[in-house]
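# Coordinate analysis (summary)
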Amino acid sequence: MKKIIVLLGFLSITFACNDDSLTNMNTDGKNPSVVPADALLGNAEKGLFDQMTSTNVNQNVFRLFTQQWTETTYLDESRYDILQRNIPDEHWQTLYRDILRDLKEAKKITSQSVTVTPKEEKVKQNKIAIIELLQTYATSVLVDTFGYIPFTQALDPEAFPSPKYDDAIGIYTSLFANLDASLAKLDAGYASFGAADFVYQGNVAKWKVFANSLKLRMAITVADVPALNPGTKASQAVAAGVMTSNADNATLQYKSTQPNTNPLYEDLVSSGRYDFVAANTIVDAMNTLNDPRRANYFIPINGVFVGGPYAQGGDFETYSSAGDPADDGGLHTRLLDPTLEGLLLTYTEVLFYLAEAVERGFISGSAATYYNEAVASSILYWGGTTAEATAYLAQPTVAYATAAGTWKQKIGTQAWLGFYNRGFEAWTSYRRLDFPVLAAPSNAASAAEGNVPRRFTYPVLEQTLNNTNYKSAATAVGGDKLSTKLFWDKF
């Protein structure tokens, strides 16, 4: 009995010494309730790169839409059936629910952090600006995919459980304003996220170049929308300083081991599947032009580059592809390298935009010079030589002065080839310039109405859970169809 009394007395003293004992017992020390802003930023960056890089048919089908690749067995996506696997839902949720939500929380935490010195405040503002730039990029991708999206009421479920969809032109107006405000915050004389930033490792000067290049990209995207004053936006971006070499590329360096390998490695190698080959559309075009990038894009079949008939299926071994994932003899391209870097925005991309900006009268300069530099930059990036680039550009079918068609055809065709493995950028360029000429396959899904898709239809979940606002947006964009052109797709 005395032992029991002593034990109870000891326990009472122990609990009395810590008023929060019961509360602490319910605290999970391994999973903090507040995630640091640095971790949220890194998670958002990786998620953004993964989504834009992936070729998983549940997430990213843009290489198929642009007929750079085609499928061998399961042909739904090559035939523009994007509802079989609810692809719009996955794209929307990844960008909107996951990435933009992480960035919003990262900005909130950073904004609430207390600074004591002017230097600390400068670092804080740099961090906020970088977060905002990624928000602008991700939002622009959503708009350029769907059209109207929730914006002013987005990501606030308590206040707006069913957010309205905003006018796409109005969203772009806000994005340009936000981008300028972010640029004004950036001060290259101070640090930011450091190593927690997977893109530029906290280099603020690089982020300023990214911001100006993104502004140019957005201006060219809406080049046919005078209400957004794209010419002024483009000239401002160029004057402030856009990318000047591949060293400025916005990249994420993937690792050699999963789960941090390039998503292509997961889709093409780890999966053990043989789903994708080069489409005859792009291979035939490159064969005609004697393009030196073929050997870096595809594996030849008996010394010849052979594209699979688009959306028709076929035997993987019969057609050129990124390489045999089961082969140990080195028969593969860089795309099967687990450490292949991911890309968000590149120097090659910027050069094509500059060529177009000259042709549109937005900036001064030589469209031919920018065009030549863009093509050469692409060839060199993929492992080609200066001599190969020079010889390629000297061909009458490639040279800017003699290549067939208008400037839209010349730039559009070479941008399509230069944006290989950049499916979304290739799709956007095609939709804006209407070159190269792509034809929907005869067996395309009826929802495509005989057209190469111009947008994604809205997610099924949005139609179910936010139906009133969905219906309003569907009407406003001109009908929730794959064939409906976005506001900037004028021709």
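Higher on the page you've got the structure.
Residues numbered from 1 in each chain as written. Predicted model: local features only at pLDDT ≥ 70, side-chain atom pairs only at ≥ 80, totals over all residues. Heavy atoms only, no water.

This part is about the overall build of the chain. Regarding its fold elements, the chain presents 19 helices and 6 strands. In terms of C-alpha radius of gyration, the chain reaches 25 Å, essentially the compact-globule figure of 23 Å for 491 residues. The C-alpha extent of the chain, read off along each of the three principal axes, is 100 × 50 × 50 Å. For the chain, the proportion of its 491 residues judged to be buried stands at 54%. Of the side chains in the chain, 40 bear a positive and 51 a negative charge, and the two mean positions are spaced by 5 Å. (Helix = DSSP H or I, 4+ residues; strand = E, 2+ residues; numbered from the N terminus. Rg over C-alpha atoms; globule rule 2.2 N^0.38 Å. Buried < 20%, exposed > 50% of the residue type's maximum accessible area, 1.4 Å probe, protein only. Lys, Arg positive; Asp, Glu negative; His and termini not counted. Charge placed at Lys NZ, Arg CZ, Asp CG, Glu CD.)

The subject of this paragraph is the environment of Ala188. Within the secondary structure, Ala188 sits in the loop between α7 (168-185) and α8 (204-221). Overall, the relative accessible area of 45% leaves Ala188 in the partly exposed class. Sequence separation between Ala188 and Lys208 is 20 residues, and the spatial gap between their C-alpha atoms is 8.1 Å. Residue contacts for Ala188: discarding those within four places in its chain leaves Val204 and Ala205. (Contact = heavy atoms within 4.5 Å.)

Quick look at the environment of Lys410 now. Counting through the fold element by element, Lys410 comes out in helix α16 (residues 407-418). Classification of Lys410 by relative accessible area gives buried; the value is 13%. Other than its neighbours up to four places away in sequence, Lys410 contacts Tyr371, Tyr400, Ala401, Ala403, Ala404 and Gly405. Among the polar contacts made by the side chain of Lys410, one reaches the main-chain carbonyl oxygen of Tyr400 at a distance of 2.6 Å. (Polar contact = N/O pair within 3.5 Å; in protein donor to acceptor, adjacent residues only side chain to side chain.)

Attention now goes to the pattern of salt bridges. Counted under the stated rule, the structure contains 23 salt bridges. When the shortest N-O distance is used, the salt bridge between Glu132 and Lys107 registers 2.9 Å. Taken together, the positions of Glu132 in helix α6 (residues 118-146) and Lys107 in helix α5 (residues 87-112) put the pair 25 residues apart, joining distant regions of the chain. Accessibility expressed as a relative area gives 27% for Lys107, which makes it partly exposed. Residue Arg455 is joined to Asp480 by a salt bridge in which the shortest nitrogen-to-oxygen separation is 2.9 Å. Here Arg455 is found in the loop between α17 (423-433) and α18 (460-465), whereas its partner Asp480 is found in the segment after α19 (467-477), with 25 residues between them in sequence. Just as Arg455 is buried, Asp480 falls in that class too. Residues joined in a network through salt bridges with shared partners are Arg217, Glu349, Arg422 and Glu425. (Salt bridge = Lys/Arg side-chain N within 4 Å of Asp/Glu carboxyl O.)

Another aspect to go through is the environment of Phe176. For Phe176, the location among the structural elements is in helix α7. Taking C-alpha positions, Phe176 is 35 Å from Gly450, a pair spaced 274 residues apart along the chain. Sequence-distant contacts of Phe176, that is, excluding residues within four places in its chain, are made with Lys215, Met218, Ala219, Val222 and Lys233.

Looking now at the side chain of Thr348. Looking at the element boundaries, Thr348 is found in helix α13 (residues 347-359). Of note is the side chain of Thr348, whose polar atom sits 2.7 Å from the side chain of Ser377. Beyond its immediate chain neighbours, meaning those up to four positions away, Thr348 contacts Asn246, Ala374, Ser377 and Ser378.

With that out of the way, let us pick up the packing of aromatic side chains. Evaluation of the coordinates by the stated rule reveals 34 aromatic pairs. Ring geometry for Phe352 and Phe419: centres 5.8 Å apart, planes at 80 degrees, overall edge-to-face. Residue Phe352 is found in helix α13, and its partner Phe419 is found in the loop between α16 and α17; the two are separated by 67 residues along the sequence. Phe352 sits in the buried class, given a relative accessible area of 2%. Considering the side-chain rings of Trp382 and Tyr420, the 5.9 Å spacing of their centres and the 55 degrees angle between planes classify their relative orientation as tilted. With Trp382 in the loop between α14 (367-381) and α15 (386-394) and Tyr420 in the loop between α16 and α17, this residue pair connects regions lying 38 residues apart in the sequence. For the residue pair Trp382 and Tyr420, the accessibility class agrees, reading buried in each case. Sitting over the ring of Tyr381, Arg334 keeps its end group 5.0 Å from the ring centre. The aromatic ring of Trp427 is capped on one face by Arg431, whose charged end is 3.5 Å from the ring centroid. (Phe/Tyr/Trp six-rings, centres within 6.5 Å; stacked < 30°, edge-to-face > 60°. Lys NZ or Arg CZ within 6 Å of the ring centre and 35° of its normal.)

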